[in-house]
Amino acid sequence: MRFTKFSFILLLAGLCLIVALLLTACGKSGGDKGKPGETVSSNDNSESLFTIRYRPKWHPQAQFAGVYMASKKGFYTNYGLNVITQSVTPDEYALTQLESGNSDIVLIDLITALKATADSTWLVNLAQVSQKTSIMLVAKKSRGFNSINSFNGKKLGLWQSGSSLISEVFLHQNNLTMQIIPVNWSVSLFLQDVVDVINAMRYNEYHQLIQAGLDESDLFSITLSESLGTIPEEGFYTSRAFYEKYPRQCRAFAEATMDGWLYAFSNQVETVDTVIEVMNQAKIRANRPHQEWMLNQMKEVVMGDPANIGKLTRAGFDNTVALIKDNFGHQTKIKYEDLVPYANQK
């Protein structure tokens, strides 16, 4: 069969059409892509959705279940949002991504936000997820630990993040001198007795120790919220510029996500199923009993102050500011009303 000039043109046109379709498909599949404020059509094309690029602080787990359920149950869509949850890499900190403009809203600790506003007022708190810190210092009674003073001169496995400042405040207030050993969110050094004491979140690492075979009766632990008072941890933050440009959408994100948390606590089996699905999609090893424990413990920190769910209180702000100032001399320029634009809203 001979190719005429006409048949060649038809073949070329067909190839161009195929390439165009492939490019379109690729453009729709990028989970981390999207521009801030970009509008996309909802599934029924009845309205346009506002795109927000959200970056969590760590890999998928029940610690972030509110976001997963808000997405799955359509809460974001109901609020007119297209929320893109960005993937996390160890060398890209959430706050850095927000500052560089690669993310629109991030989840970070209050103490990290206060350090970042030492000389400016560029951050805004949209909602407070954790009303109190879950950090514990854990040691083994079988190795002679039975009081705070027994920590003195020993090795402490400490995270290299803003959360570590809370533990450092505790050491300073109790006049403890410890050898700090950096750990990267693992309990293995503690299990192997390389470190004597370890930082642990009650909803996470503490349960990992129990799952590893340690008996709770052999663990001597200090709950820092009992020693240091109210220190709010994780909250949703954005830049002041983004908030001032899109205040309605920022509040919508906060409200939809807190709705997601309330749904998660009322539907825990479905929520854990969803968490494990998200973890599997991200190729993260999933442990159902651990995720069930985590969700239950998150309920305590999210719902710990029923009158202020989702809100950063002035008392929590003032206590945290005072602690880092008195113990480290860290000043923050930002005032409560500047950091919390919804403070005077009913």
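The rules behind each value
- Residues numbered from 1 in each chain as written.
- Predicted model: local features only at pLDDT ≥ 70, side-chain atom pairs only at ≥ 80, totals over all residues.
- Heavy atoms only, no water.
- Phe/Tyr/Trp six-rings, centres within 6.5 Å; stacked < 30°, edge-to-face > 60°.
- Helix = DSSP H or I, 4+ residues; strand = E, 2+ residues; numbered from the N terminus.
- Buried < 20%, exposed > 50% of the residue type's maximum accessible area, 1.4 Å probe, protein only.
- Lys NZ or Arg CZ within 6 Å of the ring centre and 35° of its normal.
- Salt bridge = Lys/Arg side-chain N within 4 Å of Asp/Glu carboxyl O.
- Pairing = 2+ DSSP bridges.
- Axes fitted to C-alpha atoms, helices over the stretch in contact; angles between N-to-C directions.
- Core = buried A, V, L, I, M, F, W, Y, C linked by side-chain atoms within 4.5 Å.
- Contact = heavy atoms within 4.5 Å.
- Parallel < 35°, antiparallel > 145°, perpendicular 65-115°, else oblique.
- Nonpolar A, V, L, I, M, F, W, Y, C, P; charged D, E, K, R; others polar.

Draft legend 1. The arrangement of the packing of aromatic side chains in detail. This structure, assessed with the given rule, holds 11 aromatic pairs. Between Phe151 and Phe220, the ring centres sit 5.9 Å apart and the planes meet at 75°, which makes this aromatic pair edge-to-face. With Phe151 in the loop between β6 (135–140) and β7 (155–159) and Phe220 in strand β10 (residues 219–223), this pair connects stretches of sequence that are 69 residues apart. Since its relative accessible area comes to 0%, Phe151 is described here as buried. Overall, the relative accessible area of 14% leaves Phe220 in the buried class. Members of the aromatic cluster, each reached through a chain of ring pairs, are Tyr54, Tyr76, Phe236 and Phe253. Its end group placed over the ring of Phe190, Lys140 keeps NZ or CZ at 5.1 Å from the ring centre.

Draft legend 2. Summary view of the pattern of salt bridges. Evaluated as defined, the whole model comprises 12 salt bridges. Ionic pairing is found between Lys73 and Glu270, a salt bridge with its closest N-O pair at 3.1 Å. Remark: Glu270 occurs in helix α12 (residues 268–281) and Lys73 occurs in the loop between α2 (65–72) and α3 (75–78); sequence separation between them is 197 residues. Between Arg288 and Glu292 there is a salt bridge whose closest N-O contact spans 3.2 Å. Of this pair, Arg288 and Glu292 both sit in helix α13 (residues 288–302), 4 residues apart, which is roughly one turn of that helix. Judged by relative accessible area, Arg288 falls into the partly exposed class, the value being 30%. Judged by its relative accessible area of 34%, Glu292 is partly exposed.

Draft legend 3. Here's a closer look at the sheet that holds β7. Spatially, the 5 strands line up as an open sheet ordered β8-β7-β9-β6-β10, and their pairing is mixed. Every other strand in the sheet has two partners, leaving β8 (179–183) and β10 as the edge strands with one partner each. Averaged over all pairs of adjacent strands, the angle between strand axes in this sheet comes to 30°, irrespective of strand direction. As paired strands, β6 and strand β9 (residues 197–201) are joined by 5 bridges and run antiparallel to one another. Following the sheet pairing, Ile135 is matched in β9 by Met201.

Draft legend 4. Local environment of unusual backbone geometry. Even without being glycine, Asn175 reaches a positive phi, approximately 55°. Of note, Asn175 is situated in the loop between α6 (164–173) and β8. Overall, Asn175 belongs to the exposed group, its relative accessible area being 65%. Here the phi dihedral of Asp193 falls at roughly 65°; this positive angle occurs in a residue that is not glycine.

Draft legend 5. How the structure looks around the nonpolar core. One finds Leu123, Phe151, Phe236, Phe253, Trp261 and Leu339 to be the most contacted residues of the largest nonpolar core, which totals 88 residues. The contact partners of Leu339, leaving out residues within four places of it in the chain, are Leu110, Leu123, Val124, Asn125, Tyr237, Arg240, Leu312, Phe317 and Ile334. Listed in part, the 12 residues of the second largest apolar core include Val138, Ile198, Tyr206 and Leu219.

Draft legend 6. Up close: the packing of α2 against α12. α12 packs onto α2 with a crossing angle of 95° between their chain directions and a minimal axis gap of 10 Å. With respect to α12, the axis of α2 lies roughly perpendicular. Here Ala65, Tyr68, Met69 and Lys72 of α2 come into contact with α12, specifically with Glu270, Thr271, Thr274, Val275 and Val278. Among the residues forming the contact of α2 with α12, the class breakdown is 5 nonpolar, 2 polar and 2 charged.

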